[in-house]
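Structure assessment
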Amino acid sequence: MIDRYTLPEMKAIWSQENKYRKWLEVEICACEALSEMGVVPVEALREIKEKANFTVARIDEIEEVTNHDVIAFLTCVAEYVGDASKYMHLGMTSSDMLDTALALQIKEAGELILKRLQELRNVLLEKAKEHRCTIMIGRTHGIHAEPTTFGLKMLLWVAETERNIKRMESAVTTVSAGKISGAVGTYANIDPAVEQHVCTRLGLKPARVSTQILQRDRHAEFLTTLAVIGSSLDKFATEIRNLQRTDILEAEEHFKKGQKGSSAMPHKRNPITVERISGQARLLRGNALVAMENVALWHERDISHSSVERVIIPDSTTTLDYMLYKFINIMENLLVYPENMKKNLEKTHGLIFSQRVLLTLVEKHGLTREKAYELVQRNAMRCWQTGEDFRQLLLDDAEAAAILSKEEIDEIFDYSYHLKHVDEVYRRFGL
């Protein structure tokens with residue numbers, strides 16, 4: 001991922017330094033297990049632990065010759081360790097180290113994303129509390145429907161974020177697996193106890209069965225989970241983008257002092273950050289598809305997945321980390337305009353009460369639904385076309401006025417009716 005969209009913590013996780021450090025951890029843990037079994041002399045293990053090191057530059061230099069990154073790494077480490085290095089990588093294949101170390105990096109990245117998700121959940125919950133009774137129009141198909149509250153909109157996002165936290169926890173658990181089982185996963189040249197020791201030391205679970213690699217359905221689950229979370233952020237961002245439209249302007253991402261919206265039009269306050277989040281969600285969905293393509297490999301392994309994963313796993317975790325960081329900031333500083341929400345509620349001149357008129361005619365006065373619908377729609381369509389007040393049209397309609405009293409109509413056109421169960425929804429969240 002380009003530096004523009006990379007934050008320091010995630011960058012460190014996917015650095016070459018951290019990758020090779022994880023490789024070294026796996027190799028040393030394997031030596032520990034072999035030493036306990038009497039294969040690696042205690043003195044050799046001590047030397048390995050004391051001397052084992054590397055430099056990224058030297059590994060790169062050796063790889064120019066070997067054209068094999070693992071061999072380049074082991075050669076570089078051997079230069080530091082000396083003769084005891086002959087006990088490193090015993091009975092192991094490259095993927096024993098690579099896949100186990102990759103699991104450690106993914107676990108680190110996943111835990112950072114979980115931390116961001118929890119922060120987002122808390123910010124959204126505060127917004128939900130703040131705007132519990134901030135009434136606004138609910139829209140379906142982009143058209144005014146009936147009143148809701150901005151707090152309920154935020155509470156909806158809280159619930160979705162909580163589901164995403166559970167998904168992420170599950171995906172991190174799935175991918176936190178290691179394998180030290182040799183060339184085709186049969187443990188022919190290395191005892192299964194080595195795998196158990198390595199995984200226990202590193203906080204991973206040994207795969208119940210493997211080939212030369214960990215199976216890529218694990219990684220596909222992780223990448224698709226990132227894509228689902230990204231799609232949720234896309235959904236939230238799209239809502240803000242719509243609410244920021246000039247003709248709506250009910251909410252707006254913060255426009256800081258000195259910020260410029262357009263090189264040509266000085267008046268512009270564009271929702272650039274939420275638009276960026278919507279765009280980046282497309283990257284996550286694309287990478288998730290590639291991760292699913294990686295599941296089907298030839299026999300006990302091929303490396304068609306390898307080059308792809310070097311891009312999609314760091315890029316997807318880095319992208320989502322950035323998206324979450326930015327969206328948390330957006331929500332912390334979101335500008336909300338309750339007065340504009342009230343103005344927009346009245347734009348349709350009372351049409352948003354049409355369902356309540358319909359239900360009153362059916363439930364209280366016994367009209368058939370078809371007859372009541374015709375009466376209400378007749379006046380509603382006139383309101384649409386002329387801009388006349390819907391309530392007044394009903395009062396002036398002889399048929400409607402013969403059924404509904406003025407007091408009933410006044411009661412129908414009451415916003416509070418639509419909010420009577422809001423508290424019940426909040427109670428489900430302990431609020």
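Because the structure is predicted, anything quoted here is derived from the model rather than measured.

Let us look at the pattern of salt bridges. When the charged atoms of two side chains lie near each other, side chains of opposite charge can form a pair. Summed over the entire model, instances satisfying the criterion amount to 38 salt bridges. Residues Arg-216 and Asp-99 are paired through a salt bridge, measuring 2.8 Å at the closest nitrogen-oxygen approach. Residue Arg-216 is found in the loop between strand E4 (205-206) and helix H9 (217-243), and its partner Asp-99 is found in helix H6 (residues 94-130); the two are separated by 117 residues along the sequence. When salt bridges with common partners are traced through the structure, they connect Lys-371, Glu-374, Arg-378, Asp-397 and Glu-399 into a single cluster.

Take the packing of aromatic side chains next. Summed over all chains, the structure comprises 12 aromatic pairs. Ring geometry for Trp-23 versus Phe-73: centroids 5.2 Å apart, planes at 85 degrees, classification edge-to-face. With Trp-23 in helix H2 (residues 16-36) and Phe-73 in helix H5 (residues 69-81), this pair connects stretches of sequence that are 50 residues apart. Residue classification places Trp-23 among the buried positions, given a relative accessible area of 3%. Here the aromatic rings of Trp-157 and Phe-236 are separated by 4.6 Å at their centres, their planes lie at 20 degrees, and the arrangement is stacked.

Across 5 bridges, strand E1 (residues 135-140) lies against strand E2 (residues 143-149) in antiparallel orientation. Across the sheet, the residue bridging to Arg-139 is His-144, located in E2. Linking E1 back to E2 in an antiparallel pair, the connection comprises 2 residues, with His-141 at a positive phi of about 60 degrees.

We now examine the side chain of His-131. Within the secondary structure layout, His-131 lies in the loop between H6 and E1. His-131 sits in the buried class, given a relative accessible area of 6%. The residues contacting His-131, other than those within four sequence positions of it, are Thr-149, Phe-150, Gly-151, Val-336 and Tyr-426.

Looking at the secondary structure, you find Glu-27 in helix H2. Here the side chain of Glu-27 touches His-89 through a polar contact of 2.6 Å, side chain to side chain. With residues near it in sequence (within four places) discarded, Glu-27 still touches Phe-73, Leu-74, Met-88, His-89, Met-92 and Met-97.

Definitions and cut-offs
Residues numbered from 1 in each chain as written. Predicted model: local features only at pLDDT ≥ 70, side-chain atom pairs only at ≥ 80, totals over all residues. Heavy atoms only, no water. Salt bridge = Lys/Arg side-chain N within 4 Å of Asp/Glu carboxyl O. Helix = DSSP H or I, 4+ residues; strand = E, 2+ residues; numbered from the N terminus. Phe/Tyr/Trp six-rings, centres within 6.5 Å; stacked < 30°, edge-to-face > 60°. Buried < 20%, exposed > 50% of the residue type's maximum accessible area, 1.4 Å probe, protein only. Pairing = 2+ DSSP bridges. Contact = heavy atoms within 4.5 Å. Polar contact = N/O pair within 3.5 Å; in protein donor to acceptor, adjacent residues only side chain to side chain.

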